[in-house]
Amino acid sequence: MDEFKVRTVDLQQVQTQPRHKTDGLSSSTLVLRRGQAFTVTINYDGRPFDPLKEKLIFRIVLGPIAVEVPVSRFGQPSLTQWTAVLERSVPNPTGPRALSVTLSSPATASIGVYTLQLRVEARLSVKTHLLGQFTLLCNPWCQADSVFLQSEDLRTEYVKSDIGLLFKGSPGNIVSRPWSFDQYEKGILDICMKLLQLSPQYQADMGKDLLNCSNPVYIGRVISAMVNSNDDKGVLMGNWSGDYNGGVNPSKWSGSADILRMWSETQFRPVKYGQCWVFAAVMCTVMRALGIPTRVVTNFNSAHDTDGNMTIEEYYNEKGEKLSMSRDSIWNFHVWVESWMRRPDLGQGYDGWQVLDPTPQEMSGEMFRCGPAAVTAIYERRVDAQYDVPFVYAAVNGNVHRVIVKNGKVLSTSIDKNRVGALICTKHPGSMHMQDITSEYKTEMDDSTVHTLSTDVRRGEGTTGIVAPQGLAVSLQLLKAPVVGENISFNVIITNKVAVPKLLRKHVNAQNKEYNRNPTGTFWEAHGDMKIGPKETVTIQHEISFKEYMLMEAEEDSLVNLAVVIEDVKSQETVLASEEFNIRSPSLDIQVQNEYVVINTQQVATVTFTNLFSTAVSGELIVACSGLQEKIQTRLTIRPRETMRMPINFTPRMAGAKMLYASLVLMNPLTILHGFKTINVQGS
């Protein structure tokens, strides 16, 4: 009879990927999760396989690293080493014959793109067969994997889901921004694997890097640096200037696939441009694609404390204008990610959510990256715990010293202990609502506000630290959440705490603001003298018209720093109240005609927007959906008070929870509107 001769090997991609929870991920290779078995079928000709006459050895290759795995007739798949076990031999006297072999990888295997070879050693010959490649990912379903997550609902949300909400704006006027993570889009997984191979660590020492890629802590640090382009061939270039010529305004991105594809198609030149929520959303895509549970987190009033003293100084002049006198800053919001992993390097108690921040702010280990910083270590102020805990701790804690100055002299100081890290939130699992996670980062807030007497800012002399007898109190109250196109209405509330009348001087000031820095020039102000009676409270209403705050650059929400300074003319006592808020763009409404949406069946959705502006508006409408179809783009003009109803045909290509999302970029006024609708696509 003829000798045993391997004809073909079937990697059984169609059967294997659903078992490995990788079905839907688009790759040129078989996609597997570590710590889990998979079966290959060896079709052969000639006499039946005889383990006494030939040896079968699988060779598993990752870069310069290779593991030889002899096929055993007995044994069990292992979680600690590569194994290959012969399951059965299928006899077929008249035609082809087949062997079924179960291979399994250790739960600590490096993630990467492997090459699989089979060597057949007989008495007189050795033949090697190249079987193809497979991509190995982390496995949050495997208890032995360091990214194991107990709950199936959380695994669905933080690994499998490709839809998300990013939270922006201000704590009192939160904007929910739809984002499509796109990890199932064509070619995206291969691009994510390429991102690992382009890292400086891989380029410097491939073997060492590939061995380290077994550890999600290491992977997180690599990805955190590679999502920004500051010191490598990273994905995104940051731009906070307001001038986005030569690139895309960060507010116009709505999903990760466009960004990652553009990076890949331009020979890995940085994509222009990103800001914090774009960096974080792209990192979330990459980490979920690699199998590491990840969520996007917003920290409202995020401190960037440049000198590390846990104090942020803010200076105002006597007319309520905020001054750029400090290198410290408070971002109205900052967005990072948390990834779920064990931290054996920190000892017990620090497993779970870890902060990773790809926005380039500070160096960590000579590269622009941040984390992973264990959320528990941030809560406990374990500033010695790797990595970057002091930086994140300062972002969510710290006191704000608000100082009123005139001609270099400090008129008064107040301390606000609650503003920094006022709200930390993420998308709620299984719903399109917000989840408040502030208590995971910090303890209860402190209600106290301390006021101090005057000092001289030039000489540092005076009586700082002595609590002044406050005869006046002032506060600001927005009458409703501001929306682009409408006037901003607010109250100034002044209380005279003493039993004598006072003559007061009132200064109210509004300045435009970028979310990550101090405000620019004043665009609206109001000044005047007034009298207040003993123990009296006076409420004064103000209104800023739309014409006075119209935007200079298309944004999805513009930010305003509003401040009032009240001066007692006789005693020269001054008190300050300030409020930073966003002016939200109107939202688009999306309705789906048939609530029962079936895969591969054409559906109809309607995008609706009513123009409440006093003039006609024109712009570009873009509609897209995760896992559905190509984007639809159309230019349109809408007359004042007219309602646009735009029917959109779409065909879902994947089952599960999906999101239809739309954006309308208006040219007059310059603003970006968003809307989304979640749909549950049924299998056929």
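Residues numbered from 1 in each chain as written. Predicted model: local features only at pLDDT ≥ 70, side-chain atom pairs only at ≥ 80, totals over all residues. Heavy atoms only, no water.

Per an unreviewed UniProt entry, the protein carries the name protein-glutamine gamma-glutamyltransferase and comes from Cyprinus carpio. The UniProt entry for the protein carries the following comment under Sequence similarities (unreviewed entry): "Belongs to the transglutaminase superfamily. Transglutaminase family." Checking UniProt for the protein, the heading Cofactor (unreviewed entry) contains the comment "Ca(2+)". (UniProt positions renumbered as here; feature names shortened; annotations may be inferred.)

Right, let's talk about the overall build of the protein for a bit. The helix and strand inventory of the protein stands at 12 helices and 41 strands. In terms of principal-axis extent, the alpha carbons of the protein reach across some 115 × 60 × 40 Å. Residues counted as buried form 56% of the 684 residues belonging to the protein. Sequence separation of at least 24 residues holds for 67% of the intrachain contacts in the protein that already meet a minimum separation of 6. With an accessible surface of roughly 28,600 Å², the protein has 49% of that area assigned to carbon and sulfur atoms. Charged side chains in the protein number 68 positive and 70 negative. The centres of these two groups are separated by 4 Å. (Helix = DSSP H or I, 4+ residues; strand = E, 2+ residues; numbered from the N terminus. Buried < 20%, exposed > 50% of the residue type's maximum accessible area, 1.4 Å probe, protein only. Contact = heavy atoms within 4.5 Å. Areas by Shrake-Rupley, 256 points an atom, 1.4 Å probe, with all protein chains shown as cover. Lys, Arg positive; Asp, Glu negative; His and termini not counted. Charge placed at Lys NZ, Arg CZ, Asp CG, Glu CD.)

By size, the foremost hydrophobic cluster in this structure holds 70 residues, and its most contacted members are Trp179, Ile223, Ile259, Trp263 and Trp277. Grouped together as the second largest cluster of nonpolar side chains are 54 residues, Met530, Ile540, Ile566 and Cys625 included. (Core = buried A, V, L, I, M, F, W, Y, C linked by side-chain atoms within 4.5 Å.)

All right, on to the environment of Thr615 then. Locating Thr615 in the fold gives a position in the loop between strand S36 (603-610) and strand S37 (617-625). Along the chain, Thr615 and Pro640 lie 25 residues apart, while their C-alpha atoms are 5.2 Å from each other.

Let us now look at helix H3 (residues 188-197). For H3, the buried fraction is high: 7 of the 10 residues fall into the buried class. Among all positions of H3, only Ile188, Leu189, Ile191, Cys192, Met193, Leu195 and Leu196 are buried.

Let us look at the packing of helix H7 (residues 256-265) against helix H8 (residues 276-289). In contact at an axis separation of 10 Å, H7 and H8 are set at 85° when each is read in the N-to-C sense. It follows from the interaxial angle that H7 and H8 lie roughly perpendicular. Two secondary-structure elements touch here, H7 through Ser256, Ile259 and Leu260 and H8 through Val278, Ala281, Val282 and Thr285. Residue composition of the contact of H7 with H8, by class: 5 nonpolar, 2 polar and no charged. (Axes fitted to C-alpha atoms, helices over the stretch in contact; angles between N-to-C directions. Parallel < 35°, antiparallel > 145°, perpendicular 65-115°, else oblique. Nonpolar A, V, L, I, M, F, W, Y, C, P; charged D, E, K, R; others polar.)

Looking now at the pattern of salt bridges. For side chains of opposite charge, pairing can occur when their charged atoms come near one another. Scanning all chains against the criterion turns up 22 salt bridges. In this structure, Arg155 and Glu152 form a salt bridge, with 2.8 Å as the shortest nitrogen-oxygen distance. Here Arg155 and its partner Glu152 are both found in helix H2 (residues 152-160), 3 residues apart, which amounts to about one turn of the helix. Between Glu486 and Lys480 there is a salt bridge whose closest N-O contact spans 3.1 Å. (Salt bridge = Lys/Arg side-chain N within 4 Å of Asp/Glu carboxyl O.)

So, about the packing of aromatic side chains. Taken as a whole, this structure holds 20 aromatic pairs when the rule is applied. Taking 4.7 Å as the distance between ring centres and 45° as the angle between the ring planes, the aromatic pair formed by Phe4 and Tyr44 counts as tilted. With a gap of 40 residues between them, Phe4 in the segment before strand S1 (5-10) and Tyr44 in strand S3 (residues 37-45) connect regions that are remote in the sequence. For the pair Phe4 and Tyr44, one class covers both residues: buried. Between Trp240 and Trp331, the aromatic rings sit 6.3 Å apart at their centres with planes inclined by 55°, giving tilted as the arrangement. Taken together, the residues Trp240 in the loop between strand S12 (236-238) and H7 and Trp331 in strand S17 (residues 329-341) connect sequence positions 91 residues apart. (Phe/Tyr/Trp six-rings, centres within 6.5 Å; stacked < 30°, edge-to-face > 60°.)

Looking at the secondary structure, you find Thr22 in the loop between helix H1 (13-19) and strand S2 (30-33). Given the relative accessible area of 0%, Thr22 is considered buried. Apart from the residues lying within four places of it in its own chain, the contact partners of Thr22 are Gln17, Val31, Leu32, Arg33 and Leu137.

Tyr273 follows Lys272 through a cis peptide bond whose omega is 10°. With an omega of 5°, the peptide bond running from Gly371 to Pro372 counts as cis. Summarising the element assignment, Pro372 is placed in the loop between strand S18 (352-356) and strand S19 (373-374). The phi dihedral of Asn301 falls on the positive side, at around 60°, and the residue is not glycine. Residue placement: Asn301 occurs in strand S14 (residues 294-304).

Moving on, we come to the pairing of strand S15 (residues 311-317). Burial analysis of S15 places 6 of its 7 residues in the buried class, which makes it a mostly covered element. By the bridge criterion, 7 bridges tie S15 to strand S20 (residues 399-406) in an arrangement that is parallel. Residue pairing for S20: Tyr315 is matched across the bridge by Val403. In this sheet, strand S16 (residues 322-323) lies alongside S15 in antiparallel orientation, the contact comprising 2 bridges. Bridging from a neighbouring strand, Tyr316 pairs with Lys322 of S16. Connecting the antiparallel pair S15 and S16 is a turn made up of 4 residues, with Gly320 showing a positive phi of about 85°. (Pairing = 2+ DSSP bridges.)

Glancing now at the UniProt feature "active site" (unreviewed entry) in the protein. Under the UniProt annotation, the feature "active site" (unreviewed entry) is placed at Cys276, His334 and Asp357. A maximum C-alpha distance of 9.7 Å places the annotated residues, which cover 82 residues in sequence, within one compact spot. Within the secondary structure, Cys276 sits in helix H8. Exposure remark for Cys276: the relative accessible area of 0% places this residue in the buried category. Contact partners of Cys276, with chain neighbours within four places excluded, come to Trp240, Trp331, Phe333, His334, Val335, Thr359 and Tyr515. Assignment of secondary structure puts Asp357 in the loop between S18 and S19. Residues within four places of Asp357 in sequence aside, it is in contact with Ser224, His334, Val335, Trp336, Arg369 and Cys370.

A word on the side chain of Asn228. Summarising the element assignment, Asn228 is placed in the loop between helix H6 (216-226) and S12. The exposure class of Asn228 is buried, given its relative accessible area of 0%. A distance of 2.8 Å separates a polar side-chain atom of Asn228 from the backbone oxygen of Pro358. When neighbours within four sequence positions are excluded, Asn228 is seen to be in contact with Gly234, Val235, Leu236, Phe279, Pro358, Pro360 and Phe368. (Polar contact = N/O pair within 3.5 Å; in protein donor to acceptor, adjacent residues only side chain to side chain.)

So, on to H2. Listing the buried residues of H2 in full gives Arg155, Glu157, Tyr158 and Val159. Looking at the buried residues of H2, the elements they touch are S2, H8, S14, S18, strand S22 (423-427) and strand S23 (434-436). At the N-terminal end of H2, a side-chain oxygen is found 3.2 Å from the backbone nitrogen of Asp153, two or three residues along, and the residue is Ser151.

Let us look at the sheet that holds S36. Pairing is antiparallel across the open sheet formed by 3 strands, whose spatial order is S34-S36-S39. Bordering the open sheet on either side are strand S34 (589-592) and strand S39 (643-650), each of which pairs with just one other strand. Averaged over all adjacent pairs, the angle separating strand axes in this sheet is 20°, with direction ignored. Pairing between S36 and S39: 8 bridges, direction antiparallel. Residue pairing across strands places Thr606 opposite Pro647, the latter belonging to S39.

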